[in-house]
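A look at the structure
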Amino acid sequence: MIEIKIKTNSQMASQKALIILVSVLMISFYSVFSIGPMIYAFVGSFADWNPIKDTFQFIQFNNYIHLFNNQLFWKSLKNTIYFVAVVVTGRVVLGFLIALGLNSIRKYKSMMRSLYFLPVIMPIVAVALVWKWLYDPNIGFFQMVLSAFGITNVKFLFDPDLALPSIMLMTIWKDVGYAVIIFLAGLMDVPQSIIEASEIDGANKRQQLWNIIIPTLKPTLIFVIITSIISYFQTFTQIFIMTKGGPGTSTHVLLYMIYREAFQYYRFGYASAITVCLFIVIMIVTFIQFKIMKGGEV
Amino acid sequence: MKKVLLVMGLVLMMSVVIFAGSVTAASEESEEITVWIPGDEVEYSFFYNMFEEYEKVNENVDFKIEQQPWGDYWTKLPLELQSGRGPELFMAHTAYSDVLLPNSKELPFEVSELEKRFNNPGIFLGENGRPVFIPLVYYGAVMYYNLDHWQEAGLTEEDVPATWDQLEEVAQKLTVYDGDKVVRAGFDYSTWYTMADLIYQQGQGLVDKNGETTIDSEAGVNVLERIKKWENDLRISDFTLGNGSPEDSFLRYQSSIIYGHAWMANWFSSTDEELNFKAFPIPVWSEDAPVVTRADMELTFGISKNVTDKQYEVLVDFTEFVLNNDQIMLDIANGFSGVSSRKDLVGKGKDSSTIKAINSQMDKMIPMVFPREYETVIRQTMEEVAVMDLSIEEALNNAVQQLSLSDLTSVNYYENNYEHAEELK
């Protein structure tokens, strides 16, 4: 009995040591690669900072004052919010509908699941380049198809009204598979007994969907929405590859603006000020979502 | 006798051993230099050849050339140099000189000495007043036209336009439509330097004496009105065909005349042997235009601040070797279809319509180093008017606002030092 106690103590001690070691490593990692740079960027947002010329001079709130007076910032913010709203809605609604469809079929389920997930694992750079060609107004695939129906002169990425929606469509196509897989996993957790009981009570499919399936899937739904919003606020690659913010500024989003200020003009201070604003926007949106989650007792 | 032979044999053996040792030491001392260049051997054959030529006469020097994609190159290079990594030697560019200069070594040459043999505009100086980058070639914008399209439209050499009004007339004959759509533009102007040049042609500098942009001046408004005329009234252009790169629409046979650049001549020839084209000088707003276009330049390769003393010694010698070698200098000038910066080589380039066009407008070319954001904003402004249908006033207001943080001193400097500076507003 005593021997066992001694063993347990030593096990506990080594477990404690392991916890401390892992914690220290994680804290160090996040301090160096996450928290440190965040603090540095925040401080830098108050400076005229050009690392190439080795300048770092505090200029108080000048970066923020200039930013809030810059029409391009507001345009980029508006475009970012528009992009997030449409793509998140598209991904969630379409993902949910496809998952429902896949859940109801018996044959080829795993093959269809793989097909929908395939674009998710493709590199975004490759996908953006292929879609750029598809959208080409002269030699692109979509133009060829539309021409067959007598529709010509659709400029897609070169049309200020169509450019951002075209990128949104590509993004939804690429990312919807992720939502499908998550929703499918959630649907498998819906208790079959409740569905069967509701059938006996005379509930139709729509009633089952609204009163059983969606409430059961609420945590999954909220997880997909929150992660999607956070990632789409940081959209950059497809904009960079497909339009470079153009035509004009019609596809300018905040992250592209940050890239341009930091790595083309080397105005790191100004770019940091935009980053801080983006961080605050994402924080507010996430906070609101958590509040809604709590309200819904999730 | 035997003793003498033995001693001689020993001396011979020792000599062989010492010689072999010295050879080994020499090879051990061979200097490896990493070079970054944003293009391949087809595009920059003359630069690759320049390294080979130097290696031939300096066997202890080994250039390790690392090719980087153009798009990444200019973002990566300044950051790598600044962080102490990056190449020892690198291709430079005027548009990035402000971020490359702080991390490049000065050359131990006297500017006054260089000026005796080289045309001065564009010698970039370091903190101590010594040159860092020296121009190798001057070149700039020219117009290209597709000879087959030209002949199909019944045009001859006599029809080559000298003014914008003449160009509009010719372009109308060249434009091809499919219903409402322009499928072959008579004229593709969609590069940012169309607007910059046309402002200059009206005698308006691009920066005022306070260092602020003049893009919203009367001249700027005139250019944008002209662009609207090309797009909407005459319908000789469609910005989206070239979308900022008229050379692309030209290579796709979707434009007949383009606002191009001298460097494109060799690129067109190597990309499509069947493309039948010629160049002519940039048309002018009026005959008394003080500027026709900007003069760009290609520079000597930059030496990183991080090189060792030995590497620096080699790279200074390499730079001198290039500048003093007639054939290399001419190859570079011909490669870019420009005019050599060396006074004694001016006019000795190959006989091509592009080089002729550059030569004919050379005295009205303003040497200029444009900040990158000015280029971006000009292009954006053109797009806002031509593609987005924004009002000229709104587009120009956006441009002024975006340039308010930019340092435009380089534009001011070059405008003030231009030969016909007194004719610029």
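Criteria and thresholds
- Residues numbered from 1 in each chain as written.
- Chains lettered and ligands numbered in written order.
- Predicted model: local features only at pLDDT ≥ 70, side-chain atom pairs only at ≥ 80, totals over all residues.
- Helix = DSSP H or I, 4+ residues; strand = E, 2+ residues; numbered from the N terminus.
- Contact = placed C-beta atoms within 7 Å.
- UniProt positions renumbered as here; feature names shortened; annotations may be inferred.
- Pairing = 2+ DSSP bridges.
- Core = buried A, V, L, I, M, F, W, Y, C linked by C-beta atoms within 7 Å.
- Buried ≥ 20, exposed ≤ 12 C-beta atoms within 10 Å, placed from the backbone.
- Domains from an automatic or database assignment.

**Considering the overall build of chain A**
Scanning chain A from N- to C-terminus turns up 12 helices and two strands. Structurally, chain A occupies a C-alpha span of about 75 × 70 × 35 Å along its principal axes. Counted over contacts in chain A with a minimum sequence separation of 6, partners at least 24 positions apart contribute 69%.

**What about the overall build of chain B?**
Across its full length, chain B carries 18 helices and 14 strands. Oriented by its inertia axes, the alpha-carbon framework of chain B measures out at about 105 × 50 × 35 Å. When contacts within chain B are restricted to residue pairs at least 6 apart in sequence, long-range pairs at least 24 apart make up 72% of them.

**Regarding the UniProt feature "transmembrane region" (unreviewed entry) in chain A**
Residue and element names in this part refer to chain A. As recorded in UniProt, the sites labelled "transmembrane region" (unreviewed entry) are residues 20-43, 81-102, 114-134, 167-188, 209-233, 239-258 and 270-290. Along residues 209-233 the backbone is 96% helical and 0% strand, and the end-to-end C-alpha distance reaches 30 Å. Secondary structure across residues 239-258 divides into 45% helix and 0% strand, with the first and last C-alpha atoms of the span separated by 13 Å.

**Remarks on the interface of chain A and chain B**
Opposite the 26 residues of chain A that make contact, chain B presents 23 residues. Looking at the side of chain A that touches chain B, the elements that each hand over two or more residues are helix H3 (71-104) and helix H11 (254-264) of chain A.

**Regarding the sheet that holds strand E12 (residues 302-303) of chain B**
Residues and elements named next belong to chain B. Overall, mixed pairing links the four strands, which are arranged E2-E1-E3-E12 in an open sheet. Because the sheet does not close on itself, it has two edges, and the strands there are strand E2 (61-67) and E12. Pairing analysis gives seven bridges linking strand E1 (residues 31-37) to E2, with the strands arranged parallel. Following the sheet pairing, Glu32 is matched in E2 by Asp62.

**Description of the UniProt feature "domain: ABC transmembrane type-1" (unreviewed entry) in chain A**
The UniProt record annotates "domain: ABC transmembrane type-1" (unreviewed entry) at residues 77-289 of chain A. Across residues 77-289 of chain A one finds 76% helix and 0% strand; the C-alpha atoms that close the span lie 19 Å apart.

**Notes on the nonpolar core**
Counting residues in hydrophobic clusters, the biggest one holds 154 residues, and the most contacted among them are Ile274 of chain A together with Val137, Val142, Met143 and Tyr144 of chain B. The dominant element in this core, judged by the number of residues it contributes, is strand E6 (residues 135-146) of chain B, at nine residues. Both of domain 1 (31-137 + 296-352) and domain 2 (140-294 + 354-423) of chain B provide at least three residues apiece to this core. Setting aside anything within four residues of it in sequence, one finds Val137 of chain B in contact with Met297, Glu298, Ile332, Ala333, Phe336, Gly338, Val339, Ser340 and Ser341 of chain B.

**Quick look at the environment of Lys228 of chain B**
Residues and elements named next belong to chain B. With respect to the helices and strands, Lys228 occurs in helix H9 (residues 218-233). With 15 C-beta atoms counted inside 10 Å, the residue Lys228 sits in the partly exposed group. Residues Lys228 and Arg130 lie 98 residues apart in sequence; the distance between their C-alpha atoms is 46 Å.

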